[in-house]
Amino acid sequence: MKIRRNILLFKLYYLFASMWPMSVLAVVFFQRITGSYAFALGVYSIVGIVQSIAEVPTGIVSDRIGRRKTMVVSAVLEVLMAVIFALAGTLGYKYLLIVGAVVWALAEAFASGTDDALMYETMEELSMSDRYDVLYARSKTFGQIGLGVGALIAAVITYFYSLTVLAWVCAVIDIIPIFICLRFVEPKRHNGEDVTSAKHFIAAIKAFVQNKKTADISDYPNAKPWYQFCGASV
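From a predicted model like this one, the values you see are computed outputs, not experimental measurements. (Residues numbered from 1 in each chain as written. Predicted model: local features only at pLDDT ≥ 70, side-chain atom pairs only at ≥ 80, totals over all residues. Heavy atoms only, no water.)

Considerations on the environment of Tyr95
Here Tyr95 lies in the loop between helix H4 (67-91) and helix H5 (96-111). Separated by 52 residues in the primary sequence, Tyr95 and Val43 place their C-alpha atoms 10.0 Å from one another. (Helix = DSSP H or I, 4+ residues; strand = E, 2+ residues; numbered from the N terminus.)

What follows is the structure in structure tokens.
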């Protein structure tokens with residue numbers, strides 16, 4: 001079955017997608033451009049906020065266009081993000097970092113959950129759902145290897161060249177996952193009703209409204225009120 005090649009592709013994807021050498025020096029790189037560590041850390045704040053907002057919409061898009069195309073979109077956005085950061089370093093224009101942060105957040109949102117869904121649906125189609133955890137663990141291990149290789153590349157490039165050169169090297173490395181994602185085979189879904197992200201979100205909101213009180217402290221006689229953990233007293 002053609003879809004079997006996804007097993008190898010997952011490992012290669014995590015290896016190169018995690019191989020972002022700038023990850024260990026991003027704050028320093030941002031500070032060199034902005035002259036402020038507060039602004040540099042603010043880039044990460046923007047990523048977190050935008051990604052949290054985009055999680056549900058990008059999940060709906062993934063259900064509409066398919067896992068493979070969504071992964072390709074994420075990989076393309078990663079390259080765009082890397083190029084924007086590299087341009088910010090070359091031109092010294094700090095506000096490009098904000099644009100890059102938004103693109104970065106969207107790339108993460110598109111990939112978040114989609115990679116896991118693609119992996120599970122692949123194993124399901126191969127009638128190997130019970131081996132999903134094994135594939136997941138092995139694939140993530142390649143991601144850790146990628147992080148290590150990325151750190152080594154960062155050390156070599158910054159020693160002989162500069163952070164700006166490293167940023168452009170990152171942009172080149174980020175191209176590789178695009179070709180890997182293009183090789184993924186889209187699984188066929190045969191679970192009957194397709195429960196989309198939108199349906200999950202609506203169901204979660206309804207459950208939250210119907211069950212505002214998840215637990216009563218009286219159910220836990222030995223539990224301490226939250227304010228005691230803050231050093232406060234009443």
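Thoughts on helix H2 (residues 26-34)
Three or more residues of H2 are buried, namely Ala26, Phe29, Phe30, Gln31, Ile33 and Thr34. Contact partners of the buried residues in H2: helix H3 (37-65), H4, H5 and helix H8 (163-173). Gly35, located one to two residues past H2, shows a positive phi value of around 75°. (Buried < 20%, exposed > 50% of the residue type's maximum accessible area, 1.4 Å probe, protein only. Contact = heavy atoms within 4.5 Å.)

Some thoughts on the packing of aromatic side chains
One pass over the full model with this rule turns up 14 aromatic pairs. Between the aromatic rings of Phe85 and Trp104, the centroid separation amounts to 6.0 Å while the plane-to-plane angle is 85°, which identifies the pairing as edge-to-face. On the criterion of sequence distance, the pair formed by Phe85 in helix H4 and Trp104 in helix H5 is long-range, its members being 19 residues apart. Residue class for Trp104 comes out buried when judged on its relative accessible area of 11%. Ring centres of Tyr120 and Tyr132 lie 5.4 Å apart, and the angle between their planes is 75°; on these two criteria the pair is classed as edge-to-face. Of this pair, Tyr120 sits in helix H6 (residues 114-125) while Tyr132 sits in helix H7 (residues 132-160), and the two are twelve residues apart along the sequence. An aromatic cluster of at least three residues, connected via ring pairs, comprises Trp20, Phe29, Phe30, Tyr44, Phe85 and Trp104. (Phe/Tyr/Trp six-rings, centres within 6.5 Å; stacked < 30°, edge-to-face > 60°.)

Looking at the nonpolar core
One finds Trp20, Met22, Phe29, Phe30, Phe85, Leu97 and Leu166 to be the most contacted residues of the largest nonpolar core, which totals 30 residues. Looking at this core, the elements that each hand over two or more residues are H2, H3, H4, H5, H7 and H8. Every residue in contact with Leu166, bar those within four places of it in the chain, is listed here: Pro21, Met22, Leu25, Ile153, Ala154, Ile157 and Thr158. Among the nonpolar cores identified, the runner-up in size contains 21 residues, and Met119, Leu135, Ile180 and Cys181 belong to it. (Core = buried A, V, L, I, M, F, W, Y, C linked by side-chain atoms within 4.5 Å.)

As for the packing of H4 against H5
The N-to-C vectors of H4 and H5 enclose an angle of 160°; their axes lie 8 Å apart at closest approach. With respect to H5, the axis of H4 lies roughly antiparallel. Crossing of H4 over H5 shows left-handed handedness. A per-class count over the contact of H4 with H5 returns 20 nonpolar, three polar and two charged. (Axes fitted to C-alpha atoms, helices over the stretch in contact; angles between N-to-C directions. Parallel < 35°, antiparallel > 145°, perpendicular 65-115°, else oblique. Left-handed = near helix turned anticlockwise from the far one by under 90°. Nonpolar A, V, L, I, M, F, W, Y, C, P; charged D, E, K, R; others polar.)

Brief notes about the confidence of the model for the protein
Averaged over all residues, the pLDDT of the protein is 86; the fraction at 70 or higher stands at 81%. Counting interchain partners and residues more than four positions distant, the pLDDT-below-50 stretch residues 223-234 has six contacts. (pLDDT = per-residue confidence, 0-100.)

Observations regarding the side chain of Thr34
Position of Thr34 among the secondary structure elements: in helix H2. Here Thr34 falls in the buried class, since its relative accessible area comes to 14%. At a separation of 3.0 Å, a polar atom in the side chain of Thr34 contacts the main-chain carbonyl oxygen of Ser36. Look past the residues within four positions of Thr34 in its chain and what remains in contact with it is Phe39, Ala40, Lys94 and Leu97. (Polar contact = N/O pair within 3.5 Å; in protein donor to acceptor, adjacent residues only side chain to side chain.)

With respect to a nonpolar patch on the surface
On the surface, a cluster of nonpolar side chains totalling about 640 Å² of accessible area is made up of Leu87, Leu91, Tyr93, Tyr95, Ile98, Val102 and Trp168. Of all the secondary-structure elements, those providing two or more residues to the nonpolar patch are H4 and H5. (Patch = residues over 30% accessible without salt bridge, like charges linked within 9 Å, V, L, I, M, F, W, Y side chains within 5 Å. Areas by Shrake-Rupley, 256 points an atom, 1.4 Å probe, with all protein chains shown as cover. Salt bridge = Lys/Arg side-chain N within 4 Å of Asp/Glu carboxyl O.)

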